[in-house]
Amino acid sequence: MTSLQTLSSQASSLKTVDASLLIAGFENPVAQCQQAFRQLLSATSEPGTLQTMVATDAQPAGLNTASWSLALSLFDADCTVWLSPVLAAQPALVSNLLFHCQTRLVEHADEADFALCNADELDTLQPFSFGSAEYPATSTSLILQVPALSDECSLSAGSGWTLTGPGIKFSRHLCVAGLQDSLQQELIHSRNRFPCGIDCFFTCDHTLVALPRSTQLSIDQPIDQPTDQHSAQES
Amino acid sequence: MSTPQMTQVEGYNFAYLDEQTKRMIRRAILKAVAIPGYQVPFGGREMPLPHGWGTGGMQVTASVIGTDDRLKVIDQGADDTTNAVSIRRFFAKTAGVETTEKTADATLIQTRHRVPERPLQNGQILIYQVPVPEPLRFIEARDSETRKMHALREYGAMQVKLYEDVARFGHIATSYDYPVMVNGRYMMTPSPIPKFDNPKLNGMPALQLFGAGFEKRIYAVPPYTEVQSLDFDDYPFEVQQWEESCAICGSDHSFLDEVITDDAGSRMFVCSDTDYCRERAQSNREQAQENEQ
């Protein structure tokens, strides 16, 4: 954790906009921000459903399409964002976030409203804010870029979960590749701290899936009960 | 009845609110959905109508609505009351969206004090206008205290209030704004809907968002979430019942309004949900025509 923050503060020298690195954001910001938000709302209200996010022509090096779409629709000068060391070392990403979102980048993860990170960089949730019992909404929302996502447990190197809870009629399957074991354990155990917790968005290419703190996770076992994973796309 | 898509008036941003305000409200909505029943504070804005006329619901609607949406607005179940008509026109003008009076056709439904009789579908969003979002407010006036009570899940005071009803009247006399527990964790006010509508909240396939403009709070119930009305083992939760049926459609299972028809005390009972009543009356007419033929 210390090394994460040290590296991150070294990268803070890059927090200026380099105009030569800028790319276009949404072509029609009002409509596309709204569409992206509705996808985020569907994702959060029905955890485990895969959303194909509104796309831009290009995204800054280091971010996938879904993360960039989320950033453009939710980030602004009123919220704080923490970048993982690898992402903070991407001048194009920093410049475009500062230019398009005017967002405030922070060095300490626990001060952040949003944290952007690659799955292979993160082995713990400890650096982030879980909110307090009286103000649980002050927690950090984590956007984690992963190598693969699926709602069927077909990924070879992924963690298969059965999800239950609000927004899920029976249960859903979710398979997220590339998560470190310790992070998975912490995600599962953090459910005991509800209403405190971390709301996660997993992104891969154009796809996004939400895992809010209210969703219960269990490591997949063969099950017989009905699931609504196939009806997940109907809305 | 669907109205053709109106063109958006010039001089306003899409759906009236500026983009930064919408983003702030959108972030609050996502938190609210992630913590079902918890009231998330937000920076409420002035709207071009007074508090108490649904400014909270309107701010939520303005942040959620898109050009593809079809909006329905109801006030006490009716599409044709002043509040409903004003808000529907407001969004038709500022967002240029299509509006409808049909529950089945709507993607967004903003409501004051009723849940439509027709069961809502997954993918629809129901947005409530909320006057007082804190269920414990009339028991404990201090926000610092009610916050602690929610944090500690200390809800005994509400059970005492309901018990006092039983002791005084012999039954739970609270008939609207009846407190519920969401997902077994947070106590929530469903807004001043009649308790008749409380069972519809439980496991509803549609997403429910609640906006309180005066108190600047947003809260939510995701689809398929457990919502239980408070009660006692020996005094279980019950909803209102009527001996009368609707004078227009004959419904004996919907929420009825009592309408005084003259100075001599004559009265009639009609469905409070105008769309549901219209639909039933129409199918009754069609049935009657078929029978004649």
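Residues numbered from 1 in each chain as written. Chains lettered and ligands numbered in written order. Predicted model: local features only at pLDDT ≥ 70, side-chain atom pairs only at ≥ 80, totals over all residues. Heavy atoms only, no water.

Asks: Quick rundown of the pattern of salt bridges? Include the residues and the values.
Replies: Within the structure shown, the criterion is met by 22 salt bridges over all chains. In this structure, Asp69(B) engages Arg38(A) in a salt bridge whose closest nitrogen and oxygen atoms are separated by 2.7 Å. Of this pair, Asp69(B) sits in the loop between α2 (55-64) and β2 (70-75) while Arg38(A) sits in helix α2 (residues 29-45), which puts the two residues in different chains. Assigned by exposure class, Asp69(B) and Arg38(A) land together as buried. Here Glu19(B) ties to Lys22(B) by a salt bridge, and the two come within 2.9 Å at their closest N and O atoms. (Salt bridge = Lys/Arg side-chain N within 4 Å of Asp/Glu carboxyl O. Helix = DSSP H or I, 4+ residues; strand = E, 2+ residues; numbered from the N terminus. Buried < 20%, exposed > 50% of the residue type's maximum accessible area, 1.4 Å probe, protein only.)

Asks: Provide a residue-level description of α2(B), including the pertinent values.
Replies: Three- or four-residue spacings in an α-helix give side chains the same orientation, since the helix completes a turn every 3.6 residues. Among the 10 residues of α2(B), 10 are classified as buried, and the element is accordingly described as predominantly covered. Of the residues making up α2(B), those classed as buried are Thr55(B), Gly56(B), Gly57(B), Met58(B), Gln59(B), Val60(B), Thr61(B), Ala62(B), Ser63(B) and Val64(B).

Asks: Can you break down the interface of chain B and chain A residue by residue, with the values?
Replies: The interface is formed by 37 residues belonging to chain B together with 38 residues belonging to chain A. For the pair chain B and chain A, the summed buried surface comes to about 3,200 Å²; carbon and sulfur atoms form 62% of the total. When the buried surface of chain B facing chain A is broken down by residue, Arg27(B), Leu30(B) and Tyr224(B) rank first, second and third, together holding 20% of it. At the boundary of chain B with chain A, the tally comes to 3 salt bridges. (Contact = heavy atoms within 4.5 Å. Buried area = accessible area lost by both parts, 1.4 Å probe.)

Asks: Explain the pairing of strand β5 (residues 125-129) of chain B to me, using residue names and the numbers behind them.
Replies: All names here are of chain B. Most of β5 sits inside the fold, with 5 of its 5 residues counted as buried. Judged by which residues are buried, β5 turns out to be covered on both faces: Ile-125, Ile-127 and Gln-129 on one side and Leu-126 and Tyr-128 on the other are all buried. Relative to β5, strand β4 (residues 108-112) runs parallel, the two being bridged by 4 bridges. Bridge pairing in β5 places Gln-110 opposite Ile-127. As paired strands, β5 and strand β8 (residues 207-212) are joined by 5 bridges and run parallel to one another. What sits directly across from Ile-127, in β8, is Leu-209. (Pairing = 2+ DSSP bridges.)

Asks: Could you give me a rundown of the sheet that holds strand β5 (residues 141-145) of chain A, with the residues and numbers involved?
Replies: Residue and element names in this part refer to chain A. Read from one edge of the open sheet, 7 strands run β1-β10-β9-β5-β4-β2-β3, paired in mixed fashion. Bordering the open sheet on either side are β1 (51-52) and β3 (104-105), each of which pairs with just one other strand. Here 3 bridges tie strand β2 (residues 80-83) to strand β4 (residues 114-118), and the two strands are oriented parallel to one another. In the strand pairing of β4, Val-81 is matched with Phe-114.

Don't take any of this as a statement about function, it's just geometry.
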